[in-house]
Amino acid sequence: AQTVTQSQPEMSVQEAETVTLSCTYDTSENNYYLFWYKQPPSRQMILVIRQEAYKQQNATENRFSVNFQKAAKSFSLKISDSQLGDTAMYFCAFKGAQKLVFGQGTRLTINP
Amino acid sequence: EPEVTQTPSHQVTQMGQEVILRCVPISNHLYFYWYRQILGQKVEFLVSFYNNEISEKSEIFDDQFSVERPDGSNFTLKIRSTKLEDSAMYFCASSESRGDTYEQYFGPGTRLTVT
C-alpha cells in the first residue's frame, strides 16, 4: 500500500520569502502521479501542481515548483515570492491506478 | 469552466439518522469518488465508482455507506445510520478517466455534523 508522509505539521514565513514544503512517499509502482493540493480556510481542495513520475523534469506553475527525486521518493514544493493568499493547508498526494492517497498536511502561514 | 458541485454545503443530523450527500460531477467525466476529511486530519479515500458500480473501496466504507448514480447527473453518498465519528467534511471528485493522465477535480465539500 502506498503511504505519503509530510514531516512538517506547520511552517511560517514572511511575505515575499521562499518556502519549501517536504513530502516523501512509499510505493512499489513505477508509473504514478504526484500532486500538491492547497486547502484554504474554506476547505476546498485546489490543485496546485502535478508531476508525472516518468518525467525527469520538475514541474513548474508560476511561483510554484517541485523538486522530484524519484529514487529517494521525495516530492517537495517550493513557493517563491510567497503571498498572504498562500496561507493554507498544503497536502501532498500520490495517485496510482485510481485513488488519491494524501499526506497529513502542512499548515503554512504567510506573515505580513 | 465546468466544476463539481455538492449539496448541501453543511448538514446537521442526529446520531442514528440517515443522510444523503449529493454531488453533480463534471458532465463528461466517467469516474467518481468520495473522500472524507475529519477535522484536523488528512483526506481519506472512501470509494470510487465507474459504470454504475463500485470499482474500489476503503476499509472505512463499510455496510453503513452506499453510493448511487440515480440519474445521468447526480452521484450520491448515503450513510444509513450516522455515528458521531461520521462528522467530517465529505468531498466528491470526478475524473474523465481512471488513467494516470487524468486528474481528479474536487467539489467544495459537504460538512456533516452528527450530534
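Shown above is the structure to which this text applies.
Because the structure is predicted, anything quoted here is derived from the model rather than measured.

## So, the sheet that holds strand 3 (residues 19-24) of chain B
Residue and element names in this part refer to chain B.
Right, on to step 1. The strand order 1-3-8-7 describes an open sheet built from four strands, whose pairing is antiparallel. With one partner strand each, in any of the chains shown, strand 1 (5-7) and strand 7 (65-68) form the two edges of the open sheet. The average angle at which neighbouring strand axes cross in this sheet is 20 degrees, direction not considered.
Right, on to step 2. Bridge analysis of strand 3 against strand 8 (residues 75-79) gives five bridges, and the strand direction is antiparallel. Its bridge partner being in strand 8, Arg 22 is matched across the sheet by Thr 76.

## Comments concerning the state of the cysteines
Each disulfide is one covalent bond, formed between the sulfur atoms of two cysteines.
Right, on to step 1. All chains considered together, the criterion is met by two disulfides over all chains.
Right, on to step 2. Each sulfur in the disulfide pair Cys23(A) and Cys92(A) lies 2.0 Å from the other. Disulfide Cys23(A) to Cys92(A): torsion about the S-S bond roughly -70 degrees, handedness left-handed. Here Cys92(A) lies in strand 10 (residues 88-95) and Cys23(A) lies in the loop between strand 3 (19-21) and strand 4 (24-26), a separation of 69 residues in the sequence. With respect to burial, Cys23(A) and Cys92(A) carry one shared label: buried.
Right, on to step 3. The disulfide bridge from Cys23(B) ends at Cys92(B), spanning 2.0 Å between sulfur atoms. Here the S-S torsion is close to -60 degrees, and the disulfide linking Cys23(B) with Cys92(B) is therefore left-handed. You can see Cys23(B) sitting in strand 3 and its partner Cys92(B) sitting in strand 9 (residues 88-95), a full 69 residues away along the chain.
Right, on to step 4. Given a relative accessible area of 1%, Cys23(B) falls into the buried group.

Conventions we followed
Residues numbered from 1 in each chain as written. Chains lettered and ligands numbered in written order. Predicted model: local features only at pLDDT ≥ 70, side-chain atom pairs only at ≥ 80, totals over all residues. Heavy atoms only, no water. Pairing = 2+ DSSP bridges. Helix = DSSP H or I, 4+ residues; strand = E, 2+ residues; numbered from the N terminus. Axes fitted to C-alpha atoms, helices over the stretch in contact; angles between N-to-C directions. Disulfide = S-S within 2.5 Å. Buried < 20%, exposed > 50% of the residue type's maximum accessible area, 1.4 Å probe, protein only.

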